[in-house]
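This is what each chain is made of:
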Amino acid sequence: MPALGFVPIGEADLDWVCAQEAELHAHPWTRGNFVDSLASGHDAWVLTCDGEPAGYAVVMHILDESHLLDIGIVAPMQGRGLGRLFLDWLAASARSRGSETFFLEVRPSNASALRLYARCGFIEIGRRRGYYPGRAGREDAVVMRRAL
Ligand SMILES: CC(C)(COP(=O)(O)OP(=O)(O)OC[C@H]1O[C@@H](n2cnc3c(N)ncnc32)[C@H](O)[C@@H]1OP(=O)(O)O)[C@@H](O)C(=O)NCCC(=O)NCCS
């Protein structure tokens, strides 16, 4: 079992996070999006695996609700259960600060993320039509919720 660590994202991590984001997403967050998130006080974490950065996530908390805004596991480390462990840790962390519900949005075309979220107890509660930019026109968002 690898040793996992959870390190708050700081300015010095942004080059690495942005490089991973550009590799993992067809429509990646910009550096400005991450800077704005940090400035807004969102929770932002690097997941380390045996001391090496393996993933990252951004979570927004509003009163007793938490929203997963972004999550990624570096390509060579995907499919080993890290996404699930990370998401469960983010959920426990949100619960410990008083959140009662965890929300997220995901593209219906993102099969790996949909499967991860379902395995972590998220259920679909609705759709936002044309929420995301897509390769050809817009793509809906699946809105999912998990009680904490
Ligand atoms: C989505 C993501 C975070 C999953 O991380 P991961 O570490 O690979 O996921 P895990 O190994 O914990 O797998 C969790 C579940 O998802 C499934 N899964 C993982 N990769 C998959 C793939 N490529 N296709 C289908 N299912 C997949 C696993 O099979 C597992 O389900 P199971 O327990 O039923 O087998 C990762 O693939 C990723 O970073 N993707 C690119 C960024 C992204 O799409 N982020 C989410 C939207 S913001």
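Just so it is clear, the model here is predicted, and its values are computed rather than measured.

Enquirer: Hey, could you run me through the site of the ligand in this one?
Expert: Every one of the 20 residues lining the ligand counts as a neighbour, but I73, G79, G81, G83 and N110 are closest to it. With respect to the ligand, the backbone of G83 contributes an N or O atom lying 2.8 Å from an oxygen atom. Contact with the protein chains hides 76% of the accessible area of the ligand, taken as 910 Å² for the molecule alone. More than half of the atoms of the ligand fall within 2 Å of the grid points belonging to the largest pocket. Contributions of two or more residues to the shell around the ligand are made by β4 (65-73), α3 (82-96) and α4 (111-119). Residue contributions to the shell around the ligand peak at six residues, all from α4. The class makeup of the residues in the shell around the ligand is seven nonpolar, eight polar and five charged.

Enquirer: What exactly am I supposed to notice about the layout of surface pockets here?
Expert: Sizing a probe to match a water molecule and rolling it over the atoms shows the empty space that remains. Computed from the structure, the largest pocket encloses a volume of approximately 1200 Å³. Going through the elements one at a time, α1 (14-24), β4, α3, β5 (101-106), α4 and β6 (123-133) are the ones with two or more residues in the lining of the largest pocket. In terms of residue class, the lining of the largest pocket is built from 19 nonpolar, 12 polar and eight charged.

Enquirer: Looking at this model, I keep getting lost on the environment of L114. Mind explaining?
Expert: In this fold, L114 is placed in helix α4. In the structure, L114 is positioned 87 residues away from H27 in sequence and 17 Å away in space, judged by C-alpha atoms. Every residue in contact with L114, bar those within four places of it in the chain, is listed here: V106, R107, P108 and M144.

Enquirer: Explanation requested: the packing of α3 against α4 in the structure shown.
Expert: If you want to describe how two helices pack, look at the angle between their axes and the distance between the axes. Following both chains from N to C, one finds α3 and α4 inclined at 50°, their axes separated by 10 Å at the closest point. The pairing of α3 with α4 is recorded here as oblique in orientation. For the element pair α3 and α4, the recorded crossing hand is right-handed. Of the residues in α4, those in contact with G83, R84 and L87 of α3 are L116, Y117 and R119. Its residues placed into classes, the contact of α3 with α4 shows three nonpolar, one polar and two charged.

Parameters and conventions
- Residues numbered from 1 in each chain as written.
- Predicted model: local features only at pLDDT ≥ 70, side-chain atom pairs only at ≥ 80, totals over all residues.
- Heavy atoms only, no water.
- Near = heavy atom within 4 Å.
- Polar contact = N/O pair within 3.5 Å; in protein donor to acceptor, adjacent residues only side chain to side chain.
- Areas by Shrake-Rupley, 256 points an atom, 1.4 Å probe, with all protein chains shown as cover.
- 1 Å grid on protein atoms, 1.4 Å probe; cavity = no way out; pocket = protein on both sides within 12 Å on 5 of 7 lines; lining within 4 Å.
- Sits in = over half its atoms within 2 Å of the grid points.
- Helix = DSSP H or I, 4+ residues; strand = E, 2+ residues; numbered from the N terminus.
- Nonpolar A, V, L, I, M, F, W, Y, C, P; charged D, E, K, R; others polar.
- Points joined across faces, edges and corners; volume = space filled by probe spheres on them.
- Contact = heavy atoms within 4.5 Å.
- Axes fitted to C-alpha atoms, helices over the stretch in contact; angles between N-to-C directions.
- Parallel < 35°, antiparallel > 145°, perpendicular 65-115°, else oblique.
- Left-handed = near helix turned anticlockwise from the far one by under 90°.

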